[in-house]
Amino acid sequence: MENQRRLVGPVAVLLFIPCILGIVASAQSLPAPRVLDLSATDGTKLKATYFGAAGPGPGVLLLHQCNRQRKVWDGLAQQLAAAGINVLTLDYRGFGESGGDRFDKLPQGMAAQVIAEKWPGDIDEAFRYLTSQPGVKHDVIGVGGASCGVNNSVQTARRHPEVKSLVLLSGSTNLDGRQFLRSSKLPVLFSVADDDEFPPTVQVIEWLFSITPNPGKKLLHYAKGGHGADMFPVHPELPTSIVEWYATTLIKTPGSAPTSTDVPAIPREIHTLDLIDQPGGATKVAQMLEGARQHDPKAILFSEPVVNFVGYEHLQAGDTKGAVEILKLNAVAYPDSPNVYDSLSDAYLENGQKDLARDNAKKALEHLASDTTDPKERREGIRASAEQKLKQLGDAPQ
């Protein structure tokens, strides 16, 4: 919901002046930010910036979105330092001023390999630097991330029990990350805007919020603002809310937040999505869909792209049977989409069911002929994927 501005009277203004003066004085006494060169385990140079607080305090590691670099955090980092929180921002390898092959130039498979095999160690090196600094309370650390930085933040918390608080903007996490959030007691602040350039992000953030059990969790949901840290200029109150969040969960009451009294309603579709993610859930939702379509043949219970995303995550996690059931469900729900058949073909192929993989690759190509929904680039990608599988299966189209 959009925040509404409130008018304050002269007394309130006078009471607020000392607070403003205190923040200004604190900012003036801060040490200058330090630009750093960190070394990854393979020798790659990683560029980071350290924003030290005026005195001892907790630390926060900020992890940027994959269409930006670490400097998007500069304003927030300075506010956090003024509030007594030490901050480290990092350019991932291949981004900004860090070394490594430029990430946006890497083939998809190689980019995924860098994310899985290189980034965790790089981020841990930044984490070690932050927690080793004089004045940083090494066992009271917050992590914040936007977009791809959301998964990086959740995985960092999985690896480091020193993490006591998270801020997650406009992003997702994988199957292991969701399981961690379901079982973790960490307080988490989420934020997203409805006009996000990646539409499924809105549902995913609502989903992650719904599965987080901490009663102090918070969701700041805006109508407009864009993706990740791009929300800051549109909503200058958002960085302030993040500073207040970390001040509460790292300084006042480390590892906890007051129980939220303003919990937003979560759409039923989000709960259905979470059921699909559970063992046997796809079968239950298939039964729900069948029942719903007896009353309304066009009934929709979930989003095609989000469920497709979930299916691939199960596939990548080694749950091939679960992935098959999830992607079968998507094909039943969206029988006119060529992409659902291409995705199901991938799952069948991974599960060793070559005949079904071949059949569904052919269905993808057949449905492309009447596909008026997907843009040209996407249709070409589906065609290339289906044809590649048929060639691999010895049944290349003529």
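The structure presented is a predicted model; accordingly, all values stated were derived computationally and were not measured.

Asks: In this structure, what is going on with the pattern of salt bridges? I would like to understand it.
Replies: If charged atoms from side chains of opposite charge come close, those side chains can pair. Taken as a whole and assessed by the stated rule, the structure comprises 19 salt bridges. With a closest N to O distance of 2.8 Å, lysine 389 and aspartate 346 form a salt bridge. Note that lysine 389 is positioned in helix H16 (residues 376-392) and aspartate 346 in helix H14 (residues 338-350), a separation of 43 residues in sequence. Through salt bridges with shared partners, one network takes in Arg178, Arg182, Asp274, Asp277 and Glu313.

Asks: Can you help me understand the packing of aromatic side chains in this one?
Replies: Two numbers describe a pair of aromatic rings. These are the distance of the centres and the angle of the planes. As enumerated under the stated definition, the model contains 9 aromatic pairs in all. Ring geometry for tyrosine 50 against tyrosine 129: centres 6.2 Å apart, planes inclined by 80 degrees, an arrangement best described as edge-to-face. Here tyrosine 50 is found in strand E2 (residues 45-51), whereas its partner tyrosine 129 is found in helix H4 (residues 119-132), with 79 residues between them in sequence. Each member of the pair tyrosine 50 and tyrosine 129 is classed as buried. These aromatic residues form a ring-pair network of at least three members: Tyr92, Phe95, Phe103 and Trp119. We note lysine 217 situated over the ring of phenylalanine 209; from NZ or CZ to the ring centre the distance is 4.5 Å.

Asks: In this structure, what is going on with empty space enclosed by the protein? I would like to understand it.
Replies: Summary: where empty space remains is shown by rolling a probe the size of a single water molecule over the atoms. Under the definition given, this model contains 1 cavity of 30 Å³ or more. Volume-wise, the largest cavity comes out at about 30 Å³. Lining the largest cavity, in full, are Leu62, Trp73, Leu76, Gly144, Val167, Leu169, Ile242 and Tyr246. Every element with two or more residues in the lining of the largest cavity is listed here: strand E6 (163-169) and helix H9 (237-252).

Asks: Sorry, what's going on with the sheet that holds strand E4 (residues 86-90) here?
Replies: Remark on secondary structure: sheet strands pair via backbone hydrogen bonds, oriented parallel or antiparallel. Strand order across the open sheet formed by 8 strands is E1-E2-E4-E3-E5-E6-E7-E8, with mixed pairing between neighbours. Each end of this open sheet is capped by a strand with a single partner; those strands are strand E1 (34-39) and strand E8 (218-222). The average undirected angle you get between the axes of adjacent strands in this sheet is 20 degrees. Here E1 runs beside E2; their pairing, made up of 6 bridges, is antiparallel. Looking at the pairing, valine 35 lines up with threonine 49 of E2. The sheet strands contacting helix H5 (residues 148-159) are strand E3 (57-63), strand E5 (136-146) and E6, and the helix crosses E5 at an angle near 150 degrees. Helix-sheet contacts for H9 involve E3, E5, E6, strand E7 (188-193) and E8, and the interaxial angle to E6 is about 165 degrees.

Asks: Help me understand H5, please; the structure alone is not making it clear to me.
Replies: An α-helical turn contains 3.6 residues, so a residue and the one three or four places further along point in the same direction. The terminal C-alpha atoms of H5, which comprises 12 residues, lie 17 Å apart, in line with the 16 Å expected from a rise of 1.5 Å per residue. Among the 12 residues in H5, 9 count as buried, and that is most of the element. Where H5 is concerned, the buried positions are Gly149, Val150, Asn151, Asn152, Ser153, Val154, Gln155, Thr156 and Ala157. Close packing links the buried residues of H5 with E3, H4, E5, E6, helix H6 (175-183) and helix H7 (200-211).

About the thresholds
- Residues numbered from 1 in each chain as written.
- Predicted model: local features only at pLDDT ≥ 70, side-chain atom pairs only at ≥ 80, totals over all residues.
- Heavy atoms only, no water.
- Salt bridge = Lys/Arg side-chain N within 4 Å of Asp/Glu carboxyl O.
- Helix = DSSP H or I, 4+ residues; strand = E, 2+ residues; numbered from the N terminus.
- Phe/Tyr/Trp six-rings, centres within 6.5 Å; stacked < 30°, edge-to-face > 60°.
- Buried < 20%, exposed > 50% of the residue type's maximum accessible area, 1.4 Å probe, protein only.
- Lys NZ or Arg CZ within 6 Å of the ring centre and 35° of its normal.
- 1 Å grid on protein atoms, 1.4 Å probe; cavity = no way out; pocket = protein on both sides within 12 Å on 5 of 7 lines; lining within 4 Å.
- Points joined across faces, edges and corners; volume = space filled by probe spheres on them.
- Pairing = 2+ DSSP bridges.
- Axes fitted to C-alpha atoms, helices over the stretch in contact; angles between N-to-C directions.
- Contact = heavy atoms within 4.5 Å.
- Expected span 1.5 Å × (residues − 1).

Fair warning: the whole summary comes from geometry, so function is off the table for now.
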